Each structure stands twice: as structure tokens, then as C-alpha cells.
Amino acid sequence: MDCLTAVAGAKEHSVLEEQQNKALTLEYWQQKWEMHNIGFHQEHGNKFSDLGHSVVGVEISELAIQEFFTEQNLSYLEESVEGISEAKVFKSSSGNITLYCCNIFDLPRANVGRFDRIWDRGALVAINPGDRECYAKLMLSLMEKGFQYLLATLSYDPTKHSGPPFYVSDFEVKRLFDTLHDASRILQNNNVSSKLGQLRGHVNERILLVVRMLLSKVVNHVTCRLHLAQNTL
């Protein structure tokens, strides 16, 4: 290892340690929506429900949820959530889309049950790095035995951006979900349209599939319920 490489590696390690110490508040994300500073936002639409799935999501911004229903031209009902102070739940009139407005760590108190599939885009990379282990435990507690967890992470030079979104390595994913689970990269998009200023054109999006380790890795394609993790980058 030459001197230049050693210095670059030390700088990257220092920046990653800095990320670990970051602690963003829920108000930070709410203000992002209020100011419409939402370059992280992607209009996924309601394609999962269109395929016949029952979709449950969680989001901290009430404005984000209201805009979703407006964009999709969907009518909905709004209710309070018993057991979670100030939390609300928004249900589409069709009944197959349910979005909770609350802190994601409070979600189990809503008795949402377990899920066969989880699609996590903009959640793990937005969670404060110091909360990742709690987040991983929460995700695992929400999964059925034969689960599949589709996880989107971002790869970039952490010396040029300290987050959010935060840098999450494949090694970190495997560490979080321990030896009982297998994380396989199924897609890497090297042409992500970055809205992170100086990182434009230098961000890779990786899609990982996390499944429970089985004697024979049989993929179950039958989906009963799908959980959309909060999109709060």
C-alpha cells in the first residue's frame, strides 16, 4: 500500500466515523417535505397494490402521505392509531393500501402483524447510523419465516458526502442481519441520477435481496402482504 492510498483510506474511515455520530431528528425530515426539498423522492406509484398485493407503509411526514394519495388520485380515510400518541393511519378506500404516519420504531405498537415481503428504499440509508441495529431488529421482527427483504443502498465516495443518504456497505448489511440470513446483490445501477450536488454521476444504487438461510434456497414467488419501509431520505 502506497502512502497516497493509505491517506485516502484513513480519510474515508474518518468520514464513516463521522457518519456514525450523526443524529438527525424527525423534524429534520418533516421540514424537508414542508420545504419541498425532496430530491430523494421517487414516484413509485401504487404498482404493488395494482398487482393485487396488500401494501402497508410508514412515513414520518403527513404531508408526504397526503401528496401520495393526491398524486395517485386515490380517496382515503384518516384515523388515529390507538396506543401511539399523535400517530395517524391513512387507508385507501379500496382497502389495499395502509400508510402509517409515525416514527417507524413505534410501528409494532400498531399491531400491524408480519409481512412476507419488505421493499426498503430510502429507509436504511436515512436512519441514523447509530440506530441501524435497532432498525434491523425491527425489520426482522416484522418478517414471516419465509420472508424476502428487498433492500436498496447507495454506494459513493464518503469523503465527498457525509450523508444523508448515508453510505451503507454490503459488509454492513451482512453484519446487521447476522449469520441467520443471506444477503445477495441482485442488481447494481451505476447510472443513478444523483441529486446530491457534488455527487452527481458518482452514486451507485445497489439492490440486495436478504432472505432467511435455508437448506435449499427455494424462492417463494407467492406474495401475500408487502411492507413498504418509510421513504424518508
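What comes next concerns the included structure. Bear in mind that the values here come from a model prediction, so they are computed numbers and not experimental data.

1. A closer look at the nonpolar core
Phase 1: Core analysis: the biggest nonpolar cluster contains 34 residues, and Tyr100, Tyr135, Met139, Tyr149 and Phe177 have the highest contact counts within it.
Phase 2: Only strand S1 (54–59), strand S5 (115–121), helix H5 (132–141), strand S6 (143–155), helix H6 (170–176) and strand S8 (204–212) provide two or more residues apiece to this core.
Phase 3: Top element by residues in this core is H5. It accounts for five residues.
Phase 4: Among the nonpolar cores identified, the runner-up in size contains seven residues, and Phe69, Phe90, Ile97 and Leu99 belong to it.

2. Considering helix H4 (residues 62–71)
Phase 1: Taken residue by residue, H4 has Ala64, Ile65, Phe68 and Phe69 as its buried positions. Looking straight down H4, one finds its buried side chains confined to an arc of 135°; they lie on one side.
Phase 2: Its buried side turned inward, H4 meets helix H2 (26–34), S1, strand S2 (76–80), strand S3 (88–92) and strand S4 (97–101).
Phase 3: Looking one or two residues beyond H4, the residue adopting positive phi is Asn73, at roughly 55°.

3. Side note on unusual backbone geometry
Phase 1: Its identity is not glycine, yet Glu86 carries a phi of approximately 70°, on the positive side.
Phase 2: Within the element layout of this structure, Glu86 appears in the loop between S2 and S3.
Phase 3: Note on Glu86: relative accessible area 77%, which makes it exposed.
Phase 4: Even without a glycine there, the phi angle at Asn111 is positive, about 55°.
Phase 5: Locating Asn111 in the fold gives a position in the loop between S4 and S5.

4. Examining the state of the cysteines
Phase 1: Following the criterion strictly, the structure yields zero disulfides and no others.
Phase 2: Not part of a disulfide, Cys101 finds its nearest cysteine sulfur in Cys102, a span of 7.1 Å.

5. Focus on the layout of surface pockets
Phase 1: The calculated volume of the second largest pocket comes to roughly 290 Å³.
Phase 2: Around the second largest pocket sit 16 residues that line it, and Gln30, Ile60, Glu86, Cys101 and Cys102 are the ones nearest its centre.
Phase 3: Mapped by element, the contributors of at least two residues to the lining of the second largest pocket are H2 and H4.
Phase 4: Ranked by residues supplied to the lining of the second largest pocket, first place goes to H2 with four residues.
Phase 5: Classifying every residue of the lining of the second largest pocket gives seven nonpolar, four polar and five charged.

6. Things to note about the pairing of S4
Phase 1: The buried fraction of S4 amounts to five of the five residues, a majority that puts the element mostly inside the structure.
Phase 2: Residues of S4 alternate between two faces, with Ile97, Leu99 and Cys101 on one and Thr98 and Tyr100 on the opposite face, all of them buried.
Phase 3: As paired elements, S1 and S4 share five bridges and run parallel to each other. Across the sheet, Glu59 pairs through a bridge with Cys101, a residue of S4.
Phase 4: Sheet topology note: the S3/S4 ladder contains four bridges and is antiparallel. When the bridges of S4 are listed, Lys91 appears paired with Thr98.

The rules we used
- Residues numbered from 1 in each chain as written.
- Predicted model: local features only at pLDDT ≥ 70, side-chain atom pairs only at ≥ 80, totals over all residues.
- Heavy atoms only, no water.
- Core = buried A, V, L, I, M, F, W, Y, C linked by side-chain atoms within 4.5 Å.
- Buried < 20%, exposed > 50% of the residue type's maximum accessible area, 1.4 Å probe, protein only.
- Helix = DSSP H or I, 4+ residues; strand = E, 2+ residues; numbered from the N terminus.
- Arc of directions from axis to C-beta.
- Contact = heavy atoms within 4.5 Å.
- Disulfide = S-S within 2.5 Å.
- 1 Å grid on protein atoms, 1.4 Å probe; cavity = no way out; pocket = protein on both sides within 12 Å on 5 of 7 lines; lining within 4 Å.
- Points joined across faces, edges and corners; volume = space filled by probe spheres on them.
- Nonpolar A, V, L, I, M, F, W, Y, C, P; charged D, E, K, R; others polar.
- Pairing = 2+ DSSP bridges.

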